[in-house]
Amino acid sequence: MSCRICSAPSFPLDGACVFCHAPLTGQDDLAELLEYLAAKVPNAHVKRGHMNHGPITEISFEVAGRSYRAQWRKDELELQPPVELTAWIDLLLTRLSDNAMHDAGVRRSVLRAGWALR
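This structure is a prediction, so every number in the text was calculated from the model and none was measured. (Residues numbered from 1 in each chain as written. Predicted model: local features only at pLDDT ≥ 70, side-chain atom pairs only at ≥ 80, totals over all residues. Heavy atoms only, no water.)

1. A closer look at the state of the cysteines
Counted by the stated rule, this structure contains zero disulfides. Here C6 is not cross-linked by a disulfide; its sulfur's nearest cysteine counterpart is in C20, at 3.7 Å. You can see C17 has no disulfide; the closest cysteine sulfur is in C6, sitting 3.8 Å from it. (Disulfide = S-S within 2.5 Å.)

Structure (structure tokens):
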């Protein structure tokens, strides 16, 4: 199930899509979230399984001097900075919004994805 407005994987924060703030219920698969972020966030660094095939095992972003990372460890997603998943996504999107003011490529990516600027 994805968001009807922005087509992002369903991850609600306070009952609204963490990406576009549309009303939302339910939550999608974490693997789908990582694939989605890899496709939408500029300069995402992705590691996959053996010989760089299969699902994403680690994804990292460097946004405005701050590092964000999600990595699978023993069937659990470990986040850096270590906060709840939807809060981590919101922090990443807030930093991307701040960076979008100075970088036209980031601004174009965020707006094309249908995400709300913060």
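2. A word on the nonpolar core
In terms of nonpolar packing, the biggest core is built from 34 residues, with F19, L37, F61, W88, I89, L96 and W115 touching the most fellow members. Elements with a contribution of two residues or more to this core: α1 (30-40), β4 (56-63), β5 (66-73), β6 (76-80), α2 (85-100) and α3 (104-113). Here this core gets seven residues from one element, more than from any other, and that element is α2. Apart from residues no more than four positions distant in its own chain, F19 is found in contact with C6, A8, P9, L33, Y36, L37, I89, L93, W115, A116 and R118. (Core = buried A, V, L, I, M, F, W, Y, C linked by side-chain atoms within 4.5 Å. Buried < 20%, exposed > 50% of the residue type's maximum accessible area, 1.4 Å probe, protein only. Helix = DSSP H or I, 4+ residues; strand = E, 2+ residues; numbered from the N terminus. Contact = heavy atoms within 4.5 Å.)

3. Remarks on the packing of aromatic side chains
According to the stated counting rule, one finds five aromatic pairs in the structure shown. Judged by centre distance (5.3 Å) and plane angle (35°), the rings of F19 and W115 are tilted. Here F19 is found in the loop between β2 (16-17) and α1, whereas its partner W115 is found in the segment after α3, with 96 residues between them in sequence. For the ring pair F61 and W88, a centre distance of 6.3 Å and an interplane angle of 50° mean the geometry is tilted. Placement of F61 in strand β4 and of W88 in helix α2 is noted, with a sequence separation of 27 residues between them. Through a chain of ring-to-ring contacts, the aromatic side chains of F19, Y36 and W115 assemble into a single cluster. (Phe/Tyr/Trp six-rings, centres within 6.5 Å; stacked < 30°, edge-to-face > 60°.)

All quantities given are derived from atomic positions and should not be read as evidence of function.
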